[in-house]
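Breakdown of the fold
Below are the chains, spelled out letter by letter.
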Amino acid sequence: MGKYFGTDGFRGEANVTLTVEHAFKIGRYIGWYYSKEKAEDEKVSVVLGKDTRRSSYMFEYALAAGLTASGADAYLLHVTTTPSVSYVVRTEDFDCGIMISASHNPFYDNGIKLINSKGEKMDEATIEGIEKYLDSDVDEIPFALRDKIGRTVDYSAGRNRYIGYLISLAIRSYKNMRVGLDCANGSSWMIAKSVFDALGAKTYVINAQPDGTNINMESGSTHIEVLQSYVKKNHLDVGFAFDGDADRCIAVDENGDVVNGDLVLYIYGKYLKDRGKLVGNTVVTTVMSNFGLYKAFDAEGIDYVKTAVGDKYVYEEMVKNGFRIGGEQSGHIIFSKYASTGDGILTAIKIMEVMLENKTSLSKLTQAVKIYPQVLKNVRVKDKKTTLDDADVKAAVDRVQEALGTEGRILVRESGTEPVIRVMVEADTSEKCEKHVDDVIEVIKSKGYAV
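Residues numbered from 1 in each chain as written. Predicted model: local features only at pLDDT ≥ 70, side-chain atom pairs only at ≥ 80, totals over all residues. Heavy atoms only, no water.

1. With respect to the nonpolar core
We apply this condition: Buried Ala, Val, Leu, Ile, Met, Phe, Trp, Tyr and Cys residues form a nonpolar core when they are joined through side-chain atoms within 4.5 Å. Three labels apply to residues, based on accessible area from a 1.4 Å probe with only protein chains included: buried if under 20% of the type maximum, exposed if over 50%, partly exposed otherwise in between. What counts as a helix is a DSSP run of H or I of at least four residues, what counts as a strand is a run of E of at least two, and both are numbered from the N terminus. Two residues form a contact once any of their heavy atoms are found within 4.5 Å.
In this structure, Tyr 174, Phe 196 and Phe 240 are the most contacted members of the largest nonpolar core, which totals 69 residues. In terms of residue count, the dominant contributor to this core is helix α11 (residues 344-358) (nine residues). The contacts of Phe 240, once residues within four sequence positions are left out, are Val 179, Gly 180, Leu 181, Asp 182, Phe 196, Leu 227, Cys 249, Ile 250, Ala 251, Ala 348, Ile 351 and Met 352. Grouped together as the second largest cluster of nonpolar side chains are 32 residues, Ala 23, Cys 96, Ile 100 and Ile 127 included.

If you want it as structure tokens, here you go:
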């Protein structure tokens, strides 16, 4: 984790913590960095996408200016999804990709996500080079001159090829299926409907009127109650809610109940196992996945791996061992046979596949999973390591786990970006969760670690 870039790119409030100067310098560095391994007559080519935030246009132009000033060609996908940038980069021989988005954050934030030539999140070594350049007082990167100056290219055709790819992945028609789509006034606002219409669904779309300031506003995967109400009111078969850049998906079943990322992992993991296609008999999760998911996997004889929070870590584990399915409770689901990043629309297609192949409703596919109540509280502390290493804090955590036995769990971890300790308990009642979380926090406070 660097000064600027976290696990999901450089994110902050537009023109406050993330400025056009940052974007210009990132473009300058990327254009220069990739040119080092090019022949004299070869151009660096970088594909750019953006979400619907007002500031995304500003950052697109700043990045393109930096890239072309360093001699790279910038191919503009315009408003599109993060997974579409990943797809275009890895299938069309680009040097790298850049997505301008702050995902599920409010409109006044924005972010810059860097994607390597394989469609994966950028490696740490390259990020470190960019960070040093951003903090450097001396600009030693040369400007391109004369015919070496780069150009921008309208590349909306790349986005259209991605839409075609998604459509090609469906193995059955969606005819007679009533499907709701909540596009969060974000990147999926045109793409999702195009895909589901082409596959024959009766498509009902909400929150698809972006104005630059309403992305994620009371809509999408972070406000799932909107889609829940809409599905029930219109008697739909299923609903899918995306976030601002459409790399995550939360579903709603025909009863209006939420099907989050954990339940998607169960549905598709079991689907693959039943067909003898679950590589390594393993699903990759994060430490934040619900205890009930693991109980359900145990009942089905499905193995699982727990990684640190972040789809970056999920994907690394999948690549290392060849696993096919992994993701997060928040709806970042990775299907490694088809994509190298989380893809909300792809997730929706895969859920539809299981429903149609099994000829059943989404609610029946999740019946075997009992999601345990979960309580998570944050404590701001003076020093994270000292707090976690304290013998009394450790003893308090051990007492909670002993009390929970096999019917719950406690997870105490440090935040990767703030001076915060996160205490999470899952148990069969919310009252137990609250009590055990508060017990641990009280020890932290009594030892003087809390701020």
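2. Focus: the pairing of strand β14 (residues 303-307)
Formally: Strands are labelled as partners when DSSP assigns at least two bridges between them. Think of it like this: strands point away, you trace from the first strand over the helix to the second, and a clockwise trace means the crossover is right-handed.
Where strand β13 (residues 282-286) lies against β14, five bridges are found, and the strand directions are parallel. Counted as the bridge partner of Thr 282 is Asp 303 from β14. Chirality of the crossover, the property in question, places the unit of β13, helix α9 (residues 291-300) and β14 among those that are right-handed.

3. Observations regarding helix α15 (residues 430-446)
The following threshold applies: Multiplying 1.5 Å by the residue count of a helix minus one yields the expected span of that helix. Taking the helix axis as origin, the arc is that swept by the directions to the C-beta atoms.
With 17 residues, α15 should cover 24 Å at 1.5 Å per step; its first-to-last C-alpha distance of 24 Å lies within 8% of that length. By the burial criterion, the buried members of α15 are Cys 433, His 436, Val 437, Val 440, Ile 441, Val 443 and Ile 444. With its buried residues spanning 155 degrees around the axis, α15 presents them on a single face. Of the exposed residues in α15, the ones pointing more than 90 degrees away from its buried face are Glu 431 and Ser 446. As for α15, its buried residues are in contact with β17 (374-380), α13 (384-389), α14 (391-404), β18 (409-414) and β19 (420-426).

4. Things to note about the sheet that holds strand β8 (residues 178-182)
The cut-off we apply is this: In this analysis, axes come from line fits to C-alpha atoms, helices being fitted only over the stretch in contact, and the angle between any two N-to-C directions falls in the range 0 to 180 degrees.
A sheet is described by the order of its strands in space; here five strands give the open sequence β9-β8-β10-β11-β12, paired in mixed fashion. Looking at the sheet topology across the chains shown, the edges are occupied by β9 (202-206) and β12 (258-259). Sheet topology places β8 next to strand β10 (residues 238-242); four bridges connect them, and they run parallel. Counted as the bridge partner of Asp 182 is Ala 241 from β10. Sitting on the sheet, helix α7 (residues 224-233) touches β8, β9, β10, β11 (249-252) and β12, and the angle it makes with β10 is about 160 degrees.

5. So, the pairing of β8
Among the five residues of β8, four are classified as buried, and the element is accordingly described as predominantly covered. For the handedness criterion, the β-α-β arrangement of β8, helix α6 (residues 191-198) and β9 is classed as right-handed.

6. Some remarks on the pattern of salt bridges
To be explicit about the condition: For this document, the term salt bridge refers to a Lys or Arg side-chain nitrogen within 4 Å of an Asp or Glu carboxyl oxygen.
The full count for this structure, using the stated rule, is 31 salt bridges. Salt-bridge contacts for Asp 245 lead to Lys 113; the nearest nitrogen and oxygen are separated by 2.6 Å. One end of the pair, Asp 245, is in the loop between β10 and β11; the other, Lys 113, is in strand β6 (residues 109-115), with 132 residues separating them in the sequence. The pair formed by Asp 245 and Lys 113 is uniform in burial state, with each residue classed as buried.

7. Details of the sheet that holds β18
Across the sheet, three strands lie side by side as β17-β19-β18; this open sheet has antiparallel pairing. Looking along the sheet, the strands with just one partner apiece sit at the ends: β17 and β18. Sheet twist, expressed as the average angle between the axes of neighbouring strands with direction ignored, equals 15 degrees. One ladder, built from six bridges, connects β18 with β19; its direction is antiparallel. When the sheet's bridge partners are listed, Ile 410 is paired in β19 with Val 425. Contacts from α14 reach β18 and β19 within the one sheet, and its direction differs from that of β18 by about 155 degrees.

8. With respect to the packing of aromatic side chains
This is how it is decided: Here is the rule: rings of Phe, Tyr and Trp (six-membered ring for Trp) pair when centre to centre is within 6.5 Å. Planes less than 30 degrees apart are stacked, more than 60 are edge-to-face, and the remainder are tilted. In this analysis the charged atom, NZ for Lys or CZ for Arg, is taken to sit over a ring once it is within 6 Å of the ring centre and within 35 degrees of the ring normal.
Evaluated as defined, the whole model comprises 20 aromatic pairs. With a centroid separation of 5.0 Å and 75 degrees between ring planes, the pair formed by Tyr 75 and Phe 94 is classed as edge-to-face. Of this pair, Tyr 75 sits in strand β4 (residues 73-79) while Phe 94 sits in the loop between α3 (82-91) and β5 (96-100), and the two are 19 residues apart along the sequence. A relative accessible area of 5% places Phe 94 in the buried class. Taking 5.4 Å as the distance between ring centres and 40 degrees as the angle between the ring planes, the aromatic pair formed by Tyr 268 and Tyr 271 counts as tilted. Of this pair, Tyr 268 and Tyr 271 both sit in helix α8 (residues 261-274), three residues apart, roughly one helical turn. Accessibility assignment for this pair places Tyr 268 and Tyr 271 in one class, buried. In this structure, Lys 306 is placed above the aromatic ring of Tyr 294, and the distance from its NZ or CZ to the ring centre is 4.3 Å.

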